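What follows is each chain in one-letter form.
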Amino acid sequence: QDASPTRESRPRAAERLRPVGPVTVTATSVDWAKNGMMIYTGDVKLSSDTLNLDGDRLELEQLGDGEYRARIIGKPAHLLHSGTPASGETPADPPVTARGRTLVFDSKNGIADISGDARVTRGEDEITGETIHYNVNERRIQAAGGSGGQVRIVIQPNNRAAPAAGTP
Amino acid sequence: MFARIKPWLIWLMLPLMAGVWLLFQSRGMQPEPVPVADGAAAPRYSLRGVKWTRVDATGQREFTAEADSADYYDDESARYEQLRMNVPRAGQAPWRLSSPKGSAPAHEKRISMEGPVEVVGSWPDGEALTMTTPQLWVDPARHLLSTEAGVQFDSASRSGQAKGLKADWEQQTVQLLGNVRMQYVPRKP
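Nothing here was measured: the structure is a model prediction, and the numbers come from that model.

## Quick look at the overall build of chain B
For step 1, the next point in the chain: Within chain B one finds 1 helix and 11 strands.
For step 2, the next point in the chain: N-terminal to C-terminal, the α/β element order of chain B is α-β-β-β-β-β-β-β-β-β-β-β.
For step 3, the next point in the chain: When burial is assessed residue by residue, chain B has 37% of its 189 residues classed as buried.
For step 4, the next point in the chain: For chain B, long-range pairs separated by at least 24 residues make up 36% of all intrachain contacts whose partners lie at least 6 apart in sequence.
For step 5, the next point in the chain: As presented, chain B carries roughly 11,500 Å² of accessible surface, and 58% of it is formed by carbon and sulfur atoms.

What follows is the structure in structure tokens.
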């Protein structure tokens, strides 16, 4: 009977994990036309306190109240969501990385859509497929094969944790 | 012969000199000595408290400007002190530019504002924006504000810097060029 730690409620966990720091974008150049999006090109990096995206081109749409939608294209584009240490009853979360030809992150709903030869890792687990949705706020992953494709997932056994007393 | 004429000559010169002195005093015209660097040409026109409007071939206003002083030279170059310019934009607040110095190269229509130059206007989405740069070109022929001297910008939801800037006030585009760094104000937790 291993006493699994009581889990933090999902909304509270999502709120705690949501990237909120100032968002900094660096690039070689920016182009902005009236009624158009702000387009960053050349060695583009978007970073906030826990989330980093990079690629060749970024289309950034500001949604008001500090929210934004970022569409990054690259060969490939990358995402890194840093892990979190254990705190109180909440266990540690390993970092999540993602890569694909296109990454779209919406800070409002906290979802990152990775498409185009998509690959996501969470710690040592790995998922590949045509399209992968990563809920950044809740650290949950959904994957779809795309037209006839397949999703491949490799989950590393969690054999490093010390076996609780009495469990096989 | 010469000795006898001399007193007569003096009596003639005295009223003439008095007249000239009076003339300058009464008309209050104090001809200011124009500071001219050694070897530099003197300005053809030297104006104080200047206001002017530049229009294009169709009569469309390109900008209005003011300066504490404007010196114009024969080679069509110019120098300004305390230059302020207003560049209109369709459907948006004008670009308001100001700088302690300005100049126009010979035979050219664009104006170089020399810093620190302050630019007040708005981003393409309308958000108010202030920029500062050491130097800025104002080119009415291409409707372009541009610099490669580095620019800092600040507005409510975003601020940052870049090596260069191009802002087309007719197309209403803004390009930031080289080492762009933009910081967005974080969402309220």
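## Some thoughts on the pairing of strand β8 (residues 151-155) of chain B
Residues and elements named next belong to chain B.
For step 1, the next point in the chain: Residues V151, F153 and S155 of β8 are buried on one face, while the alternating residues Q152 and D154, pointing to the opposite face, are not.
For step 2, the next point in the chain: When strand β6 (residues 128-139) meets β8, the two strands line up antiparallel, connected through 4 bridges. Bridged to T132 within β8 is Q152.
For step 3, the next point in the chain: Relative to strand β9 (residues 158-162), β8 runs antiparallel, the two being bridged by 4 bridges. By the bridge assignment, F153 is partnered in β9 with G160.

## What about the interface of chain A and chain B?
For step 1, the next point in the chain: Each partner contributes to the interface: chain A provides 26 residues, whereas chain B provides 25 residues.
For step 2, the next point in the chain: Across the interface of chain A and chain B, roughly 2,100 Å² is buried in total on both sides, 50% from carbon and sulfur atoms.
For step 3, the next point in the chain: Connecting chain A to chain B are 0 salt bridges.
For step 4, the next point in the chain: In this assembly, chain A and chain B are joined by 11 residue pairs in polar contact (both at pLDDT 80 or more).

## Observations concerning the confidence of the model for chain B
Residue and element names in this part refer to chain B.
For step 1, the next point in the chain: Looking at chain B as a whole, its pLDDT mean stands at 84, while 77% of the residues score no less than 70.
For step 2, the next point in the chain: Long-range and interchain partners of residues 22-32, a stretch whose pLDDT sits below 50, account for 4 contacts in this model, where long-range means more than four residues apart.
For step 3, the next point in the chain: Low pLDDT, under 50, characterises residues 34-39; the predicted model gives this stretch 4 contacts beyond four residues in sequence or across chains.
For step 4, the next point in the chain: The complex prediction reports pTM at 0.76, with the ipTM value standing at 0.73.

## Let's talk about the side chain of A:D106
All names here are of chain A.
For step 1, the next point in the chain: Within the secondary structure layout, D106 lies in strand β5 (residues 96-106).
For step 2, the next point in the chain: Here D106 falls in the buried class, since its relative accessible area comes to 10%.
For step 3, the next point in the chain: A distance of 3.1 Å separates the side chain of D106 from the side chain of R69, its partner in a polar contact.

## Re the side chain of A:S107
Residue and element names in this part refer to chain A.
For step 1, the next point in the chain: Relative to the helices and strands, S107 resides in the loop between β5 and β6 (111-122).
For step 2, the next point in the chain: Since its relative accessible area comes to 8%, S107 is described here as buried.
For step 3, the next point in the chain: Engagement of the side chain of S107 in a polar contact is seen with the side chain of E67, the distance being 2.5 Å.
For step 4, the next point in the chain: A polar atom in the side chain of S107 sits 2.9 Å from the backbone nitrogen of Y68.

Reading guide: rules and limits
- Residues numbered from 1 in each chain as written.
- Chains lettered and ligands numbered in written order.
- Predicted model: local features only at pLDDT ≥ 70, side-chain atom pairs only at ≥ 80, totals over all residues.
- Heavy atoms only, no water.
- Helix = DSSP H or I, 4+ residues; strand = E, 2+ residues; numbered from the N terminus.
- Buried < 20%, exposed > 50% of the residue type's maximum accessible area, 1.4 Å probe, protein only.
- Contact = heavy atoms within 4.5 Å.
- Areas by Shrake-Rupley, 256 points an atom, 1.4 Å probe, with all protein chains shown as cover.
- Pairing = 2+ DSSP bridges.
- Buried area = accessible area lost by both parts, 1.4 Å probe.
- Salt bridge = Lys/Arg side-chain N within 4 Å of Asp/Glu carboxyl O.
- Polar contact = N/O pair within 3.5 Å; in protein donor to acceptor, adjacent residues only side chain to side chain.
- pLDDT = per-residue confidence, 0-100.

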